[in-house]
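Topology and contacts: notes
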Amino acid sequence: MSRAGRLDVGVVGAGHVGPVLGAALAGVGHSLVGITPGSDPDRVAAILPTVPVRQTEELVRGSQLVVLAVPGDQLADLVAGLAELDAWQPGQLVLHTNPGLGTAVLDPAARRGAIPLAVHPAISFTGTTLDLRQLHGAYAAVTAPSMVLPIAQALAVELGCEPIVIAEEDRAAYAEAIATASDFTRSIVSQATGILRGLGVENPGGYLSALVSSTFERALRDAGNA
């Protein structure tokens, strides 16, 4: 480790989420030991220019904190497969980012002595450095066994987020709330821009930008005051 409290971090998943979280952790002094291969190496290199690309099993074995930023339907098989390879290490932190899953999905790693954490930053990731700014001031849902919950909360803070504890049994409902907000927003904006485009407005997204942003901000403030 580079200094006290800093971890060797491996990122499994090179989509929109993993590289950004890796960059955020590197920004507070953690050491990135690698990231797994992805379908867009140029985008990943733009965010993590000096981080080596390593295969999953090798990366997991050499990391003190493993960030699993993979789709939820792949997570269980990935964790179990790495357990069969005896890749998980005692005392190792294992953090996944899926909104709908708690720490139960990490049980195969926990049985090998790893420490399971679930941390979901509540932003819409673009997979670019713009996300690093969005993380600051955002919230993150954290779930972990009570003895290690402070670790999950501390990592959320290091990502720039304010941690909110979500119970294991409430993760599915939490994910539904996140999906409802995201899907509704995309649907309404798509419908409105389509109408404006039909009226001949050349840049309907730009036209609606200030209106949509201010309307959602007001709606969120009203909801907070309800």
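For the structure itself, look to the data block above.
Residues numbered from 1 in each chain as written. Predicted model: local features only at pLDDT ≥ 70, side-chain atom pairs only at ≥ 80, totals over all residues. Heavy atoms only, no water.

**Overview of the overall build of the protein**
Scanning the protein for helices and strands turns up 9 helices and 7 strands. A globule of 226 residues ought to have a C-alpha radius of gyration of about 17 Å, and the protein, at 19 Å, matches this closely. Viewed in the frame of its principal axes, the protein has a C-alpha envelope of about 60 × 40 × 35 Å. Carbon and sulfur atoms form 57% of the exposed surface of the protein, whose accessible area is close to 11700 Å². (Helix = DSSP H or I, 4+ residues; strand = E, 2+ residues; numbered from the N terminus. Rg over C-alpha atoms; globule rule 2.2 N^0.38 Å. Areas by Shrake-Rupley, 256 points an atom, 1.4 Å probe, with all protein chains shown as cover.)

**Side note on the environment of alanine 192**
Tracing the backbone shows alanine 192 in helix α8 (residues 171–198). On the basis of relative accessibility, which here comes to 27%, the residue alanine 192 falls in the partly exposed class. (Buried < 20%, exposed > 50% of the residue type's maximum accessible area, 1.4 Å probe, protein only.)

**Considering the side chain of threonine 103**
Tracing the backbone through its elements, the reader meets threonine 103 in the loop between β4 (93–96) and α5 (107–110). Setting aside its immediate chain neighbours within four residues, threonine 103 contacts Pro116, Leu117, Ala118, Thr143, Ala144, Pro145 and Glu168. (Contact = heavy atoms within 4.5 Å.)

**A short note on empty space enclosed by the protein**
One way to see where empty space is left: roll a probe the size of a water molecule over the atoms. Throughout the structure, instances matching the rule amount to 1 cavity of 30 Å³ or more. There is about 40 Å³ of room inside the largest cavity. Lining the largest cavity are Leu21, Leu25, Val67, Leu95, Leu155 and Leu159. Taken together, the residues of the lining of the largest cavity break down into 6 nonpolar, no polar and no charged. (1 Å grid on protein atoms, 1.4 Å probe; cavity = no way out; pocket = protein on both sides within 12 Å on 5 of 7 lines; lining within 4 Å. Points joined across faces, edges and corners; volume = space filled by probe spheres on them. Nonpolar A, V, L, I, M, F, W, Y, C, P; charged D, E, K, R; others polar.)

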